Each structure stands twice: as C-alpha cells, then as structure tokens.
4 protein chains.
Amino acid sequence: MIHVTVWNEYRHELSDEQVRQVYPNGIHEQLKFFLQEDFTVKTATLDEHEHGLSEDVLNETDVLIWWGHIAHSEVQDSIVDRVHKRVLEGMGLIVLHSAHMSKIFMKLMGTSCDLKWREANEKCRIWNVNPSHPIVEGIGEYIELEQEEMYGEHFDIPAPDELIFINWYQGGEVFRGGCTYRRGNGKIFYFQPGHETYPSYYHPKVQHVIKNAIKWCSPTENTYPTYGNAQPLEKLEEEKL
Amino acid sequence: MIHVTVWNEYRHELSDEQVRQVYPNGIHEQLKFFLQEDFTVKTATLDEHEHGLSEDVLNETDVLIWWGHIAHSEVQDSIVDRVHKRVLEGMGLIVLHSAHMSKIFMKLMGTSCDLKWREANEKCRIWNVNPSHPIVEGIGEYIELEQEEMYGEHFDIPAPDELIFINWYQGGEVFRGGCTYRRGNGKIFYFQPGHETYPSYYHPKVQHVIKNAIKWCSPTENTYPTYGNAQPLEKLEEEKL
Amino acid sequence: MIHVTVWNEYRHELSDEQVRQVYPNGIHEQLKFFLQEDFTVKTATLDEHEHGLSEDVLNETDVLIWWGHIAHSEVQDSIVDRVHKRVLEGMGLIVLHSAHMSKIFMKLMGTSCDLKWREANEKCRIWNVNPSHPIVEGIGEYIELEQEEMYGEHFDIPAPDELIFINWYQGGEVFRGGCTYRRGNGKIFYFQPGHETYPSYYHPKVQHVIKNAIKWCSPTENTYPTYGNAQPLEKLEEEKL
Amino acid sequence: MIHVTVWNEYRHELSDEQVRQVYPNGIHEQLKFFLQEDFTVKTATLDEHEHGLSEDVLNETDVLIWWGHIAHSEVQDSIVDRVHKRVLEGMGLIVLHSAHMSKIFMKLMGTSCDLKWREANEKCRIWNVNPSHPIVEGIGEYIELEQEEMYGEHFDIPAPDELIFINWYQGGEVFRGGCTYRRGNGKIFYFQPGHETYPSYYHPKVQHVIKNAIKWCSPTENTYPTYGNAQPLEKLEEEKL
C-alpha cells in the first residue's frame, strides 16, 4: 500500500467564508477523502510543529502532495531542504495549482515558476496530449471544468520531461497544465486544477488523475546511486595510478 | 560583438605549483586568451569585490563562463541570486568541469549535481552524439584528451534538454559530458573538460566547443514575458467578470 | 546566403476561385515573395518534372519548405526518399500547415500525424512557450490570426525535441502548433498556420517565424558521422582480435 | 497477465554452428524460457506464414519483442505496416540488438538507425543513467557483459524520450544502449545486448531489464484519441458557422 501525505497550507479555509463553503474541513481533508479509497493517507499543515513534516513523517511517505498559496514564505527553509532531500532520494511529489510558486517546487525547478493568472470564473478545458501515459489512464481526451482560475503562458518552468496536459481557457490563454519531471531518484508531477474557491477536487476526473499520478510517482525499488571518489573498474597502466 | 565574462575561483593556481605550471596566470586568463580572438572578454575572480560580479558587470555580460572547485561555499548567496536572476533574464551561462557543484549550477538544476570522480591521468574520449547541433560545428566525431579527471555516472542532473557529448574513460566509466538546458530566458551549457592539472583548455577542439557554445547561448532579442494578473483577451460573459 | 526551395502542391490555387483570390500566383510565390528579401529562393511544384525536386535542386538546397494538402498521395515515393535522404544529410525542412500528413513528414516522424480539424473561420492565438528560442526572436508573447483552420489535439506526433508554440482556438481546442525535431543531421520545424483560404502568409509575424526558422534549420558545417565496421581506438588484448 | 509475442528472424541458429551452441532452440526460445515465468508468451519467426504475425496474433499481443539481423529485407512490408499500426494503437514494442535496422524500428524512428559496430569479444559495461525509471528497477548501477558486440556512436536515432542506459566498450566507444520512445499510443524500448554468438540473454540482469521493460510498455487502458473533422466545443458566432 502506497503511503501518501497530503500537505496543505490551510489558511484560506480558516479565514475566507467562500472557501470554507467549498472545503469545510480544508483542502487536505477533501484530498484525503477520495485518496484513502486506494492509499494510506496522512495529512500535514503549515501551522503544525515542523509543518507536520518531521523526519519520521517524511521517511514513511512514498508520495507527498503539496497545496499552498498565500503563505509560501512562511514555510521554513530547513523543512524545504528536508523535503528536497527526500525527493532526490526517491519520494514522489505532486504539486497542485498555486503551489507552482512554493519554495519546494521553485527549488526543484531552478526557475521563477511565474505565470499569468486571472480569477474570472471562466471555463477551463484540460487536453490530454500524451495518451499512452499512465497518468491519463481512463481520462479520455479532456477534462472540462466549468470554472477554474486561469493560469496562462508563459509558464517559467524547465521544459517538462513529459508534457501530459495543455489547458484551454475561455479568455484566450493556454497553459502547460500537467507536467512530469525526474529529479534525483524522485518523480514530480505538476497539475494545474485546484483554485480554493472552485470545487475542482470534487471532480471525478481530477481525482482520477491525482490517483494515477500517485501510482506513477511512487518510488521504485532502485538503489540510490553512489557518488564520490571511485576506483577504476578496468586496469589502468601502472604509471597512471 | 558578444560580451563574455570569464569567472574563475582562482585558488588552485595560487597555492599549487603543479597547477601554476599549467595555468601560470590562472585558468581565467587562458580562457580569455583564446576567446578574445572572437569575443569581447572580461575576467572576474572570487577574491575580487563582489567576486568581480557587480550589477554593472553582469548587465553588460552576454555570456558568463564559470570555473570553480574548492571554494564553492565561499561564493556569497547574494551574488549567486544576482547571477541566477540574470540567467533567467537571458544571459548565457557556460559551466565548466568542477563547477558542476557550484552554487549557481545547483540552483539552476534543482538536484545534487553529484557524480563519481577519479584523478588517475587516464584517457578521456568525448563523443559527439548530436551532430547537427551548432555547439559541435567543426568538431568531428570525438575529442580525445590524453589525460582528464574521470567524471562518471550517475551524474545527478535533470535530463538535459539536449545531450551533446558522452565521455568515455579508460577506467570503465561513461559520463554525459556536454548538456544544454534552457532556464527562463537563459541558455546553459555544461561541459566536462578542465581539471586544473591538465592542459585541457589548450586543446584546440575544447576551445572550439567553448566558442561555439558562447554563440549558441548568447541572448536573442526576445522580449521577456509578462507575468501576473492578466485581462482576458476574449470577451467573457458578463456574469463572469 | 542560405538557399531556400519552396515546394507547393499548387492545386487549390488553380481550381478554387476563393483560394486564387488569396494567393493569385500560388502559395509558393507568396512565400518566395517575402523570403527573397533575406534568402536565395527557388520554387518547385507537384506537377513539374520530378515535382521540381531533381537531385541537383536538392543538393543546392539548404532549407526546403513544404506545403501540400489534397494531393499528398501523388508525390512519388522515390522523390520522398530523395528528400528524406537529404534531410538526414543535413538539409533543413520546414513543414507548413496541412503538410502534417505529407509523405515526407510522416516518414520522418514514424506516426500517423493525424489531428482534429475544423474550417469555421475562427480565431487562432499562437502562444510562444519557448521565449529564448531563436525561432521566436522578435515575435513577442503570441501571434493572433483572425481566421485560421482549427487543428486540435491529440496531434499524433512524437514528443517534439522542443515545443515552441501552443495554439488556442475559439471553438475550445489547443494544438502544439510549433515543434522542432532533429533527424539524422537535419533539423525540422513544423508550423501550423497556412490554410489556403486565409491570408496567413501575409501576416508579418508568421513571415517572421518562417524566416527565423530558416536560419535555425539551415545546415551547420558538421561532418556527417561515419557508420559501419570500426577498428578499436584502444588496444584490446590479443586474444580478443 | 501480459501477453508477449517474441519474434525472431531465426536464421543464424539454423546455419551457424557457433550460434547454435549458444541458442540451440533459437534466440526466441531462450527469451520465451525466462519470460514465461512472469508472462504469457508466444513465439513467431520469419519463415512462418505471415512471419507468424497474423492479425489475430497481433491483436492478442500486448508487447512484441523483435530480434532480427541478416534478413531484415525479407520481412514483408505489409506485415511491417500491420505491426506499425498495432504499435500506434498501443501495443508495446521491445527492439533488441541488431533489430536497430529492422524495417519496423526504422519506420517508427524515421532515421537511418545506423551505427558503428565491431565483433571483437570485448567487454561492455551498460551504465544506468536514469535511476528512478521502472525499466531499471533492481538493476543497480551497471550491467557488465564479458563479451558483447561493440555498437558505437553516432547512433542515428531521434533523441530518445528517455535515455536509460549508456554503454561503455573496451575498444573506446560509447553507445546509447537503452532508449524509450512513445509513438501514437505505443511505447517502445530499444535495448542493445544480444549478439547471436554471446550468451547475453542468459545474463540475469539482461533478463531483468527485458521483464521490467515489458511491464513498462504494456498498454494502459487509454481510449484511442479521435481524429478528423470536429464540431466546436464552444459556441462560435453565427457568421462563423
């Protein structure tokens, strides 16, 4: 059984009535709700001790899901470094929506991760452009969300290892809304849906994608490579040694 | 005329007689020596004020070359951030040899950038695996170095946007020794040769590759994209605005 | 001076009054018209001897531009093979619009190259998602075409080496509308605009992209690699030879 | 249970005593021998009716393994087209060793697929450069083969979607010896080991890689995309339709 930890900033839900109506127990509890059908799920939030991400929690996590927005800067650098180390060791990471500017995603990408955005209740259609990928298994040609925040190009990310989804917005923009990356031994999936005032995490196809992505980025039983000073594997001439 | 700044840590050459014999005026001066045939070249070193990388110097630099080894940790984070910002704005960056673990390269890659290594005076053959790329123009099938430090896989980098060279070593290892990346508006080239005790930067083909790479990663006249809140380009229904 | 050959099927223009009004001398002549400002340009068409693509013509061509639509099947396989061989040797190839299903593009891609399409006079916005690439130099954030044929995902192509443009359509689709590939020593650029009833090749930015692409995919002075039986470069033990 | 069909040219084994000693029942039977522990395995060979690849056989095949060498030209084009169609529909394909110049691989790649080669009984070390990939699960840092045919760069293939292995040869060459591609709905893995006079398919790690690759390229339950004329998903202005 894959062990998933859902991390949520959990601020909007406490301070904003509109958000609380959509996610009364927090975005993390809604994510946990549908994920626990298939996985062993814990949650962790910003205001817990060590943001709920102790060494022990991370060591027992196969896949970490990250949602954050208004409090990226409050995440301690030491915890970001801890998560970063675990990703390089092999923990999967799913970065949702506004977490595109989380410290951990920016640290893994090396770019500004900036983009265009607009809150206008407009329609979003998420096109599957990689039909043989396990992340889109069972999804079909596109996901249609009646309302989602517009995220538009240019999205300042490295070229994805695999481009999975391209989003269309009614207002005229496009966005690389599903992207995979490998960093160290870890696999990363960025997925666009999930503005706090819209019910995106209740949408069956959005849920399905996140479940597929958990399976895809769960660690394989690979040995972590060795680094540093290495003896030659072939005999070198004597004078060379 | 492309403006190149060659940055060198410049420590080995001052403290190690063997290195001084190879690079009596420092690695940066040897790089400058052959680059100034084709480019406008400045140098900068670690022990200068702001490591020689003031805002003005960077703003006038089209392509920055970086060589460092034993003093990566002495490079100030504020200067690393300054260089990082300039790369995202469009400045080219060529990362040489042991600079694979420089702060700036690690920050741009998001990984440990670790690898295997060995100093055994062994032969290195650098195979061109991307024959239509401008970086290998005029290079032929491979570059042979009688002696180079072994750098071996696994090299903990993101999958390169383009793999240009694969190195063969006598002792039995291989290495992705020439890799390109785009980050923000900037282009980056990592190139393996250049251990401080070997005359790699006197080799005509190594020089040729660096010159080609400068042309390749020099900024184009592209507008930097706009980010942030964006008005719709298409008319949305009234109730949406 | 780069030598460009513009190949056009040249059938719509002869049989369809609406097309003739847009391109009275054929699409090839309009492409030649603006390209000859910067390049040495010849044209060739389907109904010429050997489709205008003799060995001599191809040997003198640095970059071949291909437009075809209703008569892909009339292109002789022997000529397709000749063009294919020249691309692998290093000739650049720019594949426009409906040439996505030309024999030469399908042969180079290995896939069906199929897609969704619709002729509805709808708006197309072509977003630049690779701002540091030479093909988008001077183009800005997007190209807006008042009317273009809709081409929609899934586009059955190999993942592009570099994704340059993503198209947005009013009717709700997206499309990877600018893609680069390297095949053998040759560079290939696919570019979506150019339906025969719309004036896309009169649009300054479309023209600019094609000019940039010609420079990008023009051959470099690289030696073609050698293939076949190879002597060892290192001494093998006697019993091995 | 995944259904695997192992296709073998099966000529060397019948005519060459040295090969028969290594693979007395043919390479296909040795592949079947270790694969049937985990999969449902059939075999097919060149000299069977329709090369053993009837519509029925292919329709029941999840993953096809292909080994060929001296008789590529005897494979009928109609059967190649049938296999090609099935790959685009989603059938996995594993291309072994000298099948790099099989008609089916060349058709899927679009390039010459040529390379350097040498039979000198030399050592080959296959380095894992993608440690989080499912194809290398349990493999460790490298596979060492005491003897394998040298295959050297330049290997004229499209840049792999994912580079998995790089081979080192005693004679001084390197080779991209493990490469993945997606074409249509199908996944493809090229793997270098398997010269007919060496016991490579008895090596536990080579067997392990092929088993991992079968799991990786087995079809997912994805709907095949629709292509062709498409109605708008959004309302267009009346005059546009």
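Keep in mind that what you see is a predicted model, and the values were worked out from it rather than measured. (Residues numbered from 1 in each chain as written. Chains lettered and ligands numbered in written order. Predicted model: local features only at pLDDT ≥ 70, side-chain atom pairs only at ≥ 80, totals over all residues.)

Trainee: In this structure, what is going on with the relation of the copies chain B and chain A? I would like to understand it.
Mentor: Both copies of the chain are related by a screw-like operation: a rotation about an axis and a shift along it. Overlaying chain B on chain A yields an RMSD of 0.0 Å, the required transformation being a rotation through 180 degrees with an accompanying axial translation of 0.0 Å. Such values leave the two copies arranged in the relation of a two-fold axis. In terms of C-alpha distance to the rotation axis, chain B has Gly110(B) as its closest residue, with the C-alpha 2.7 Å off the axis. Take the interface residues of chain B: 100% of them recur as interface residues in chain A, which is what a same-surface contact looks like. (Least-squares fit on C-alpha atoms with pLDDT ≥ 70 in both. Contact = placed C-beta atoms within 7 Å.)

Trainee: Even after reading the chapter, I still don't get the interface of chain B and chain A, so can you show me in this structure?
Mentor: It is common to give the size of an interface as the accessible area lost on bringing the parts into contact. If you look at the interface, chain B gives 39 residues, while chain A gives 39 residues. Among the residues forming the side of chain B that touches chain A, the class breakdown is 16 nonpolar, 12 polar and 11 charged. As paired elements, strand β12 (residues 228-229) of chain A and strand β5 (residues 116-118) of chain B share two bridges and run parallel to each other. Within the sheet, the bridge partner assigned to Gly228(A) lies in β5(B) and is Lys116(B). (Nonpolar A, V, L, I, M, F, W, Y, C, P; charged D, E, K, R; others polar. Pairing = 2+ DSSP bridges. Helix = DSSP H or I, 4+ residues; strand = E, 2+ residues; numbered from the N terminus.)

Trainee: Teacher, can you tell me more about helix α3 (residues 27-35) of chain D here?
Mentor: Structurally, the α-helix is built with 3.6 residues per turn, so residues lying three or four positions apart point the same way. For α3(D), the complete set of buried residues consists of Ile27(D), His28(D), Gln30(D), Leu31(D), Lys32(D) and Leu35(D). Contacts from the buried residues of α3(D) go to β1 (3-8), α1 (12-15), β2 (40-45), β3 (63-67) and α7 (204-217) of chain D. (Buried ≥ 20, exposed ≤ 12 C-beta atoms within 10 Å, placed from the backbone.)

Trainee: Please explain the interface of chain D and chain C as it appears in this structure.
Mentor: If you look at the interface, chain D gives 39 residues, while chain C gives 40 residues. When residues of the side of chain D that touches chain C are traced back to their parent elements, those giving at least two are α6 (103-109), β5 (116-118), β10 (174-183) and β12 (228-229) of chain D. Its residues placed into classes, the side of chain D that touches chain C shows 16 nonpolar, 12 polar and 11 charged.

Trainee: Looking at this model, I keep getting lost on the sheet that holds strand β4 (residues 92-96) of chain B. Mind explaining?
Mentor: Within a beta sheet, neighbouring strands are joined by backbone hydrogen bonds and run either parallel or antiparallel to one another. All names here are of chain B. Here we have nine strands laid out as an open sheet, ordered β2-β1-β3-β4-β11-β10-β9-β6-β7, and mixed in their pairing. Single-partner strands in this sheet number two, and they are β2 (40-45) and β7 (142-145). When strand polarity is set aside, the average angle formed by the axes of neighbouring strands in this sheet is 15 degrees. By the bridge criterion, four bridges tie strand β6 (residues 124-128) to β7 in an arrangement that is antiparallel. From the neighbouring strand, Arg125 faces β7, where its bridge partner is Glu144. Helix α7 (residues 204-217) contacts β1 (3-8), β3 (63-67), β4, β7 and β11 (186-191) of the sheet and is inclined by roughly 165 degrees relative to β11. (Axes fitted to C-alpha atoms, helices over the stretch in contact; angles between N-to-C directions.)

Trainee: How should I be thinking about the nonpolar core in this particular structure?
Mentor: Taken as a class, soluble globular proteins show a tendency for nonpolar side chains to be buried jointly. Within the largest apolar cluster, 142 residues are counted, with the highest numbers of intra-cluster contacts made by Ile65(B), Ile94(B), Ile65(D) and Ile94(D). Those residues in contact with Ile94(B) that sit more than four places away from it in its chain are Val63(B), Ile65(B), Phe189(B), Phe191(B), Ile210(B), Ala213(B), Ile214(B) and Cys217(B). Listed in part, the 141 residues of the second largest apolar core include Val63(A), Trp127(A), Met106(C) and Tyr169(C). (Core = buried A, V, L, I, M, F, W, Y, C linked by C-beta atoms within 7 Å.)

Structural measurements only, silent on function.
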